[in-house]
Amino acid sequence: MALTIMLLNSAYLCGRCCRHKVLHPLLGSLLSDSTSKLYSSYRRPGSQPEKKPSWQNTDFSFKKGIDVLKTQLGMLKKETKDYLIGPGGHPFDRYLLEQTRVLWEFRSQEDLNKWVISSDVEIGGKSEVYLKLGRNNQAALLYGTLNTEVPRDGETKYSGYCSMRAKPPVGSFARKKYYDWSNFNSLYLRVRGDGRPWMINIYTDPYFSHQKDDLYNYFMFTRGGPYWEEIKIPFSKFFLSSRGRVQDEQHPIWLDKASFLQALSISTLGFTIGDKVDGPFQLEIDFIGLLNDRAHTEEFAYETYEKNPRV
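Residues numbered from 1 in each chain as written. Predicted model: local features only at pLDDT ≥ 70, side-chain atom pairs only at ≥ 80, totals over all residues. Heavy atoms only, no water.

S.K.: Please provide a residue-by-residue account of the pairing of strand β8 (residues 214-221), values included.
M.R.: Direction of pairing for strand β7 (residues 197-204) relative to β8: antiparallel, over a ladder of seven bridges. Looking at the pairing, Y203 lines up with L215 of β8. (Pairing = 2+ DSSP bridges. Helix = DSSP H or I, 4+ residues; strand = E, 2+ residues; numbered from the N terminus.)

Structural data, given as structure tokens:
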């Protein structure tokens, strides 16, 4: 009897070891106590390693789940109501006659929370950027120090940038939303800068992964001094770039949010400074809006080329 039990235990242990050898290559990332990820573990020099998997940060509280569900259902109710009223929650006749629209204005901390700032610190740089409310809470003040010193990591070749970008709009149940600017032809801003040039970036939500770095850009030149300036930039002036390089094949921005072309729809907007001049900078932004300039008839400011022209 004892011999039989020993044989069974040895067979069980052997089978357990064999199963472990077979399953470990498949489930090792889940069974291991280490912080290995299911995707590539490569990270750029200067970035902080993740200490624990993201799922461990999730709060599985039942009460919190019910509260989130109520919030999302409330958002869905409001979206349905706005959809029945008309585009953007406005009556259709008002939508057609709309000539101006304010997208972002900065009057409270809640308005600032709709934006995120970043700099070359993400790649090991030394630039600094901050965002706060301006005097009398009447504008957003973006300021900091630009430093073009390249990180000594043996990989990075360029450094020295700071940026500010609006958070993409999100609908109920974390659905992606897009902007519909088809009634307008120009971007309209009221800013006060220090004389340094900025780049305005319009982001789209790409369908293919190789287009994730595509941006529409145009320059914004500030004149400095104590006076505010109002800047109007037609959308026809924005050019397509990818990873800082202007693309040979240019096409205008798709301002609509048609469902079959959502890959080209506008998701958000941002500002970047990277003029290779070390030192402090600041930019005050009162509001960012849209304008329908009837005097502007240009469709696209740049030449377009046909890849395979017909003979």
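S.K.: Would you mind going over the pairing of strand β10 (residues 239-242) in detail, with residue names and values included?
M.R.: Neither face of β10 is left uncovered, since the one carrying F239 and S241 and the one carrying L240 and S242 both have all their residues buried. Both β8 and β10 contribute to a ladder of four bridges, which runs antiparallel. Considered in β10, the bridge of N217 is made with F239. Across two bridges, β10 lies against strand β11 (residues 245-246) in antiparallel orientation. Considered in β11, the bridge of S242 is made with R245. Linking β10 to β11, which pair antiparallel, is a turn of two residues; within it R243 sits at a positive phi near 55°. (Buried < 20%, exposed > 50% of the residue type's maximum accessible area, 1.4 Å probe, protein only.)

S.K.: Run through the environment of I253, naming residues and quoting values.
M.R.: With respect to the element layout, I253 can be found in the loop between β11 and β12 (266-273). Residues in contact with I253, not counting those within four places in the same chain, are I202, Y216, F235, F238 and I266. (Contact = heavy atoms within 4.5 Å.)

S.K.: Hey, could you go over unusual backbone geometry for me, with residue numbers and the actual values?
M.R.: In this model, F173 sits at a positive phi of 55°, which is unusual for a non-glycine residue. Structurally, the position occupied by F173 is in the loop between β5 (162-166) and β6 (186-193).

S.K.: Break down a nonpolar patch on the surface for me, citing the residues and quoting the values.
M.R.: A contiguous nonpolar surface patch, about 340 Å² in accessible area, is contributed by L69, L73, L76 and F173. Given a relative accessible area of 42%, F173 falls into the partly exposed group. (Patch = residues over 30% accessible without salt bridge, like charges linked within 9 Å, V, L, I, M, F, W, Y side chains within 5 Å. Areas by Shrake-Rupley, 256 points an atom, 1.4 Å probe, with all protein chains shown as cover. Salt bridge = Lys/Arg side-chain N within 4 Å of Asp/Glu carboxyl O.)

S.K.: Which residues make up the side chain of H296, and what values do they have?
M.R.: With respect to the helices and strands, H296 occurs in the segment after β13 (279-291). Overall, H296 belongs to the buried group, its relative accessible area being 18%. Polar contacts involving the side chain of H296 include one to the main-chain carbonyl oxygen of E298, which spans 3.5 Å. Non-local contacts of H296, meaning those with residues more than four positions away in its chain, are made with N185, P234 and S236. (Polar contact = N/O pair within 3.5 Å; in protein donor to acceptor, adjacent residues only side chain to side chain.)

S.K.: I'd like to hear about the packing of aromatic side chains, residue by residue, with values.
M.R.: For the coordinates displayed, the defined rule picks out 16 aromatic pairs. Centroid distance F235 to F238: 6.1 Å. Interplanar angle 35°. Geometry classified as tilted. One exposure class covers both F235 and F238, and it is buried. When the ring of F300 is compared with that of Y302, the centres are 5.4 Å apart and the planes differ by 80°; the resulting orientation is edge-to-face. (Phe/Tyr/Trp six-rings, centres within 6.5 Å; stacked < 30°, edge-to-face > 60°.)

S.K.: Any chance you could break down the pattern of salt bridges for me, citing the residues and the numbers?
M.R.: One pass over the full model with this rule turns up 15 salt bridges. Across the pair E149 and K126 runs a salt bridge, and its minimum N-O distance is 3.3 Å. One end of the pair, E149, is in the loop between β4 (140-146) and β5; the other, K126, is in the loop between β2 (115-119) and β3 (128-133), with 23 residues separating them in the sequence. Judged by relative accessible area, K126 falls into the partly exposed class, the value being 49%. Shared partners join several salt bridges into a network, and the residues in it are R107, R190 and D286.

S.K.: Account for the nonpolar core, with residues named and values stated.
M.R.: One finds L269, F271 and I288 to be the most contacted residues of the largest nonpolar core, which totals 39 residues. Among the elements that line this core, the one with the most residues is β13, at five residues. What F271 contacts, discounting residues up to four positions off in sequence, is W115, C162, S163, M164, L189, W198, M199, I200, N201, M220, I285 and I288. (Core = buried A, V, L, I, M, F, W, Y, C linked by side-chain atoms within 4.5 Å.)

S.K.: I'd like to hear about the sheet that holds β8, residue by residue, with values.
M.R.: Ordered in space as β2-β5-β12-β7-β8-β10-β11, the seven strands form an open sheet in which the pairing is antiparallel. Strand pairing shows two members of the sheet lacking a second neighbour, β2 and β11, which therefore form its edges. Note that β7 and β12 share six bridges and pair antiparallel. From the neighbouring strand, I200 faces β12, where its bridge partner is F271.

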